[in-house]
Structure formats: structure tokens, C-alpha cells
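What the coordinates show
Here is how the chains run, residue by residue.
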Amino acid sequence: MITCVVEYVIDPAKTEAFERFGRRWMELVDKHGGTHHGYFLPSEGASDKALALFSFPSLAAYEEYRTLFGRDAEFIEADRIRDESGCVLRYERTFMRPLLPETPER
């Protein structure tokens, strides 16, 4: 499994648009073989940081999903939310390998 962590700098005045953008991408990741773990938005105080975490079974599965960027109408529409609203100022993507709690055997 590979987990993508996306760190965003957002426009705090456009949080509602960022939430629309995030909800759409959660649907698309899940629809195309991934598991979206959610977006994490500023809660208290002045902050312009947000995070998204989602996983795919493998890097190959993630790369297959990425082939749809700029080609698939739903992906283009989701990016349009970000581009037209200006809610995302910049972002950085990092890939990580999760270490998860072991489930006890019964």
C-alpha cells in the first residue's frame, strides 16, 4: 500500500470552495480504486494549512489513476473548482508507506 499525503496552502477566505474541491476528490479517489482518508482543514486560529491523505494498493495502481488527470471529464471538472475559485495557493505531494496497528488474531 502507498499513501499520498498532500499538504496544501489554502486561501482561508475560500474554505467553502476548498471543501467542495475536497469532497469531489474524495469521491473520485474512491471511485478509481483508492481509499480516501479525508481532508484535514484548519480548525482554530489563523491557519492556511490543509492536508489530504489517500491510499492505493500499490504505486502502479496510483499511476493508473493519475493517467486520468487532464483527460477524464470528472477529473477536469474537479480541478476546475480549485482553479476557478483560487482556493489552493500551492500544494506539495509526498508518498508514504503506512505503519498500521496490527489486528489481534483470534
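Residues numbered from 1 in each chain as written. Predicted model: local features only at pLDDT ≥ 70, side-chain atom pairs only at ≥ 80, totals over all residues. Heavy atoms only, no water.

1. Notes on the pairing of strand 3 (residues 49-56)
Of the pairings in the sheet, the one linking strand 1 (residues 2-10) to strand 3 comprises eight bridges and is antiparallel in character. Across the sheet, E7 pairs through a bridge with L51, a residue of strand 3. One ladder, built from five bridges, connects strand 2 (residues 35-40) with strand 3; its direction is antiparallel. Residue H36 lies in a different strand from strand 3, and its bridge partner there is F54. (Pairing = 2+ DSSP bridges. Helix = DSSP H or I, 4+ residues; strand = E, 2+ residues; numbered from the N terminus.)

2. Concerning the packing of aromatic side chains
In total, this model carries 18 aromatic pairs according to the counting rule given. On the numbers, 6.0 Å between centres and 40° between planes, the contact of Y8 with Y91 is tilted. Highlighted residues: Y8 in strand 1 and Y91 in strand 4 (residues 88-96), separated in sequence by 83 residues. Here Y8 falls in the buried class, since its relative accessible area comes to 7%. Where F18 meets F21, the ring centres are 5.8 Å apart and the plane angle is 45°; that geometry is what we call tilted. Of the two residues, F18 and F21 are both situated in helix 1 (residues 15-31); the distance of three residues between them amounts to about one turn of the helix. The buried category is assigned to F18, whose relative accessible area is 1%. Ring-pair connections join several aromatic residues into one group, and the members of that group are W25, F54, F56, Y62, Y65, F69, F75 and F95. (Phe/Tyr/Trp six-rings, centres within 6.5 Å; stacked < 30°, edge-to-face > 60°. Buried < 20%, exposed > 50% of the residue type's maximum accessible area, 1.4 Å probe, protein only.)

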